[in-house]
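So you can see what is in the structure, the chains are spelled out below.
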Amino acid sequence: MPLPSKPEVSTETIRPPLAPQVIAGEGLNVIEAAKRLAAYTAVDRHVKPEHTVIGVGSGSTVPYVVERILEQGQELNKNRVFIPTSFQSRELIVNNGLNLGDVDQYPTIDVDFDGADEVDNELNCIKGGGACHLREKVVAEAATTLILVADYRKNVSYLGTNFDPGVPIEVVPFAYAKVLKNLRAMGSPNATLRMAVRKAGPVVTDNGNFVIDAPFARKDMMDPFTLTHKIKMLTGVVEVGIFCHMAQAAYFGNADGSVTIKRNDGTTEEVASPSQQK
Ligand SMILES: O=C[C@H](O)[C@H](O)[C@H](O)COP(=O)(O)O
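- Going by an unreviewed UniProt entry, the chain carries the name Ribose-5-phosphate isomerase and comes from Lyophyllum shimeji.
- The Pathway (unreviewed entry) comment attached to the chain in UniProt states, word for word, "Carbohydrate degradation; pentose phosphate pathway; D-ribose 5-phosphate from D-ribulose 5-phosphate (non-oxidative stage): step 1/1."
- The UniProt entry for the chain carries this comment under Catalytic activity (unreviewed entry): "aldehydo-D-ribose 5-phosphate = D-ribulose 5-phosphate".

Shown next, in the form of structure tokens:
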């Protein structure tokens, strides 16, 4: 396994994150701009020259993470290896000319960046809206530091506040009907098999499995650790799209150009937008 050598510090200039209103003028809508702001701020704070193995999550926010890492320059990035969590993030790595690795070669990752469908006040989160949560969880567990990046809609007090499809659950195909029956009996009467768009039949994950979306009542969602364990014990379940106590921090881009940072020590920081700081 080729081990990354120690990088030199880049002397290239990195531009500061722009506020969503400014980016909206560049053609991005406010939500996209908020995603970019979260991603840029998180990369600026957590990708250090000594970080050589970096996890790349999945979804629509992560491309901004890669965009910002690329701005650190070739001198640093040529000595880094990037670990994908999905077909999508593998493409992102390869198409940007970054070095591709995998978690079986690099079971210890310096820092991993990933999106989330919702994040609560204890940094528990729902993931798997894009059916990538199995690989995402493996990479997140391999990482010394997991950083979540999202727009303000994902910042909630308890899981299930805005994200209503339910808990994404990857299952082996032949067990899906049995697991659906189990979930309905467990308190998710509206659990459904996720169907594909522009393809007949169910969504098939990067691992060849199916996904069930299982909405649970608020009382269950307020104890995500217990719920995750109960679901994971169902035979046929491969992985549950709830990540408990895994992230060190979550960065949320806000519509006004500020960034809210929630940390696993319970602290919250509000970073004013550059225009507010003047
Ligand atoms: O399976 C997909 C992943 O868990 C995504 O990270 C999650 O759905 C959030 O994606 P986005 O950044 O597009 O909201």
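### Comments concerning the sheet that holds strand β6 (residues 143–151)
The pairing of strands in a sheet happens through backbone hydrogen bonds and is either parallel or antiparallel.
Consideration 1: Taken together, seven strands build an open sheet; the order of strands is β2-β1-β3-β6-β12-β13-β14 and the sheet is mixed. Strands with a single pairing partner mark the edges of an open sheet, and in this sheet they are β2 (81–84) and β14 (268–271). Direction aside, neighbouring strands of the sheet carry axes that sit 20° apart on average.
Consideration 2: Strands in contact with helix α2 (residues 30–46) are β3 (109–114), β6, β12 (249–253), β13 (259–263) and β14; relative to β6, the strand with the most contacts, it is inclined by about 155°.

### Focus on the site of the ligand
Consideration 1: As a structural note, the neighbourhood of the ligand is formed by 16 residues, with Ser 58, Ser 60, Thr 61, Glu 136 and Lys 154 the closest of them.
Consideration 2: Within the backbone of Ser 58, one N or O atom sits 2.7 Å away from an oxygen atom of the ligand.
Consideration 3: With respect to the ligand, the side chain of Lys 154 contributes an N or O atom lying 2.6 Å from an oxygen atom.
Consideration 4: When the ligand sits alone it has 370 Å² of accessible area, and the protein chains cover 91% of it.

### Some words on the packing of α2 against helix α3 (residues 62–70)
The relative placement of two packed helices comes down to the angle between their axes together with the axis-to-axis distance.
Consideration 1: Orientation of α2 relative to α3, taken along the N-to-C sense of each, is 45°, at an axis distance of 8 Å. One finds that α2 runs oblique with respect to α3. Here the hand of the crossing between α2 and α3 comes out right-handed. From α2, Glu 32, Lys 35, Arg 36, Ala 39, Tyr 40, Val 43 and Asp 44 reach across to α3, where they touch Tyr 64, Val 65, Glu 67, Arg 68 and Ile 69.
Consideration 2: Grouping the amino acids of the contact of α2 with α3 by side-chain chemistry returns six nonpolar, no polar and six charged.

### Regarding the packing of aromatic side chains
Consideration 1: One pass over the full model with this rule turns up one aromatic pair.
Consideration 2: On the basis of an interplanar angle of 65° and a centroid distance of 5.9 Å, the ring pair of Tyr 176 and Phe 210 is categorised as edge-to-face. Of this pair, Tyr 176 sits in helix α7 (residues 176–186) while Phe 210 sits in strand β9 (residues 210–214); the two residues are 34 residues apart in sequence, bridging distant segments of the chain.
Consideration 3: The exposure class of Tyr 176 is partly exposed, given its relative accessible area of 30%.
Consideration 4: We classify Phe 210 as buried; its relative accessible area is 15%.
Consideration 5: A cation over an aromatic ring shows up here: Lys 127 above the ring of Phe 243, its NZ or CZ 5.7 Å from the ring centre.

### Regarding the pattern of salt bridges
Consideration 1: Under the criterion given, the structure shown has 14 salt bridges.
Consideration 2: The shortest N-O distance in the salt bridge between Asp 213 and Arg 194 comes to 2.7 Å. Of the two residues, Asp 213 is situated in strand β9 and Arg 194 in the loop between β8 (192–193) and β9; the sequence distance between them amounts to 19 residues. Each member of the pair, Asp 213 as well as Arg 194, is classed as buried.
Consideration 3: Ionic pairing is found between Glu 239 and Lys 232, a salt bridge with its closest N-O pair at 2.6 Å.
Consideration 4: Residue classification places Glu 239 among the buried residues on the basis of a relative accessible area of 6%.
Consideration 5: Connected via shared salt-bridge partners are Asp 44, Arg 68 and Glu 71.

### Brief notes about the pairing of β12
Consideration 1: Burial analysis of β12 places five of its five residues in the buried class, the great majority of the element.
Consideration 2: Residue alternation in β12 divides its side chains into two sets, Ala 249, Tyr 251 and Gly 253 and Ala 250 and Phe 252, and both sets are buried.
Consideration 3: Sheet topology places β6 next to β12; five bridges connect them, and they run parallel. Within β12, the position partnered with Val 149 by the bridge is Tyr 251.
Consideration 4: Taken together, the five bridges between β12 and β13 define a ladder with antiparallel strand orientation. The residue of β13 that forms the bridge with Ala 249 is Arg 263.
Consideration 5: In sequence, β12 turns back onto β13 through a hairpin of five residues, with Gly 257 there showing a positive phi of about 95°.

What counts, and at which threshold
- Residues numbered from 1 in each chain as written.
- Predicted model: local features only at pLDDT ≥ 70, side-chain atom pairs only at ≥ 80, totals over all residues.
- Heavy atoms only, no water.
- UniProt positions renumbered as here; feature names shortened; annotations may be inferred.
- Pairing = 2+ DSSP bridges.
- Helix = DSSP H or I, 4+ residues; strand = E, 2+ residues; numbered from the N terminus.
- Axes fitted to C-alpha atoms, helices over the stretch in contact; angles between N-to-C directions.
- Contact = heavy atoms within 4.5 Å.
- Near = heavy atom within 4 Å.
- Polar contact = N/O pair within 3.5 Å; in protein donor to acceptor, adjacent residues only side chain to side chain.
- Areas by Shrake-Rupley, 256 points an atom, 1.4 Å probe, with all protein chains shown as cover.
- Parallel < 35°, antiparallel > 145°, perpendicular 65-115°, else oblique.
- Left-handed = near helix turned anticlockwise from the far one by under 90°.
- Nonpolar A, V, L, I, M, F, W, Y, C, P; charged D, E, K, R; others polar.
- Phe/Tyr/Trp six-rings, centres within 6.5 Å; stacked < 30°, edge-to-face > 60°.
- Buried < 20%, exposed > 50% of the residue type's maximum accessible area, 1.4 Å probe, protein only.
- Lys NZ or Arg CZ within 6 Å of the ring centre and 35° of its normal.
- Salt bridge = Lys/Arg side-chain N within 4 Å of Asp/Glu carboxyl O.

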